[in-house]
Amino acid sequence: MRVLISGYYGFGNVGDDAVLLAIIAGLREKAPGIGLTVLSAQPGLTSELNQVKAVHRFDFFELFRELDKADILISGGGTLFQDATSHRSFFYYIGLVWLAKLFGKKVMIFGQGFGPLRGRLDRLIARSVLNKVDLITLRDEDSLAELRRLGVLNKNVIVTADPAFSLGEADKMTGKSILALEHVPAGKTLLGVAVRKAEFTRRLAEQLDIICEKHGLVPVFLPFHFPDDLDESRKVIGQMRT
């Protein structure tokens, strides 16, 4: 069996890449020897990190070839079917699902959030395409409600959880090695801080100072979407005393 996996992969987003890791681990556990190909913005990196074949998400010659060879398309993780960030992104992901069904392939929407879809045409296209999908798993009840409001009557819809929760505990020695390489002091109690778009950087900096000083913590900033989150983290760090 061959599976083509699509999602927001290769963009340096920790959450989405964790979802990919969970998908790959689950498939290999259930079907050892399964053939996996991932569509990625950085296929070389994705291939190296996950030991899979990867092709560029906008190399349409390779994309069509892999889709033709695949038995199943898995559209996995994140919130891909929405037009809040851009219509282009929505058309890319829904277009892949449409193509897969056109090629006669099985399609699974895996562990996704859903919406919002505001554009009238976007909603019409999503309703038409998603009603033809073989299986849809969603990570929360709100996504299910949004799907039903859209008019998707597909009976093969299940609410599960974010796929990243299926990942096992990370190796502690590897974690300590990474912290040491980043010069994080050993023997201290650490506070992980993930900053996305911080509208109240001064307020956040003040609260972090209070928490760290009161409990003797060392803040460690974790850019979940590298390098986009670095500037936001630096704004907060620049206003902290700790």
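Now for a look at the structure at hand.

Examining the sheet that holds strand β6 (residues 135–138)
Now for step 1: Reading across from one edge, β3-β2-β1-β4-β5-β6-β7 is the order of the seven strands in this open sheet, with parallel pairing throughout. Two strands close off the open sheet at either side, each with one partner strand: β3 (53–56) and β7 (157–159). On average, each strand axis in the sheet is inclined to that of its neighbour by 20 degrees, with strand direction left out of account.

A closer look at the packing of aromatic side chains
Now for step 1: Counting across every chain of the model gives six aromatic pairs.
Now for step 2: Aromatic pair F58 and Y92: ring centres 5.2 Å apart, planes at 70 degrees, arrangement edge-to-face. Pair noted here: F58 is in the loop between β3 and α3 (60–69) and Y92 is in helix α4 (residues 87–102), with a separation of 34 residues, a long-range link.
Now for step 3: For F58, a relative accessible area of 35% gives the class partly exposed.
Now for step 4: One aromatic cluster is present, formed by F58, F60, F64, Y92 and Y93 through successive ring pairs.
Now for step 5: The cationic tip of R57 hangs over the ring face of F58; the distance from NZ or CZ to the ring centre is 5.2 Å.
Now for step 6: If you follow R57 out to its NZ or CZ, it ends over the ring of Y92, 4.4 Å from the centre.

Focus: the nonpolar core
Now for step 1: The biggest cluster of nonpolar side chains holds 32 residues, and the ones touching the most others in it are F81, V97, I109, L130, I136 and L147.
Now for step 2: Residue assignment for this core shows that the elements contributing at least two residues are α3, α4, β5 (106–112), α5 (120–130), β6 and α6 (141–150).
Now for step 3: Examining the composition of this core, we find that eight residues originate from one element, α4, more than from any other.
Now for step 4: Setting aside its immediate chain neighbours within four residues, F81 contacts S75, F90, Y93, I94, V97, I109, Q112, F114, G115 and L117.
Now for step 5: Core analysis: the next-biggest nonpolar cluster, separate from the first, contains 15 residues, V3, Y9, L20 and L36 among them.

Thoughts on the pattern of salt bridges
Now for step 1: Summed over the entire model, instances satisfying the criterion amount to twelve salt bridges.
Now for step 2: With a closest N to O distance of 3.7 Å, E146 and R123 form a salt bridge. With E146 in helix α6 and R123 in helix α5, this pair connects stretches of sequence that are 23 residues apart.
Now for step 3: Exposure remark for E146: the relative accessible area of 15% places this residue in the buried category.
Now for step 4: Close ionic contact of R241 with D209 constitutes a salt bridge, the shortest N to O distance being 3.9 Å. Within this pair, whereas R241 is found in the segment after α9 (228–237), its partner D209 is found in helix α8 (residues 201–215), the two being separated by 32 residues in sequence.
Now for step 5: Judged by relative accessible area, which is 61%, R241 ranks as exposed.
Now for step 6: When salt bridges with common partners are traced through the structure, they connect R2, K53, E66 and K69 into a single cluster.

About the cut-offs
Residues numbered from 1 in each chain as written. Predicted model: local features only at pLDDT ≥ 70, side-chain atom pairs only at ≥ 80, totals over all residues. Heavy atoms only, no water. Pairing = 2+ DSSP bridges. Helix = DSSP H or I, 4+ residues; strand = E, 2+ residues; numbered from the N terminus. Axes fitted to C-alpha atoms, helices over the stretch in contact; angles between N-to-C directions. Phe/Tyr/Trp six-rings, centres within 6.5 Å; stacked < 30°, edge-to-face > 60°. Buried < 20%, exposed > 50% of the residue type's maximum accessible area, 1.4 Å probe, protein only. Lys NZ or Arg CZ within 6 Å of the ring centre and 35° of its normal. Core = buried A, V, L, I, M, F, W, Y, C linked by side-chain atoms within 4.5 Å. Contact = heavy atoms within 4.5 Å. Salt bridge = Lys/Arg side-chain N within 4 Å of Asp/Glu carboxyl O.

Remember, this is a structural readout, not a statement about activity or role.
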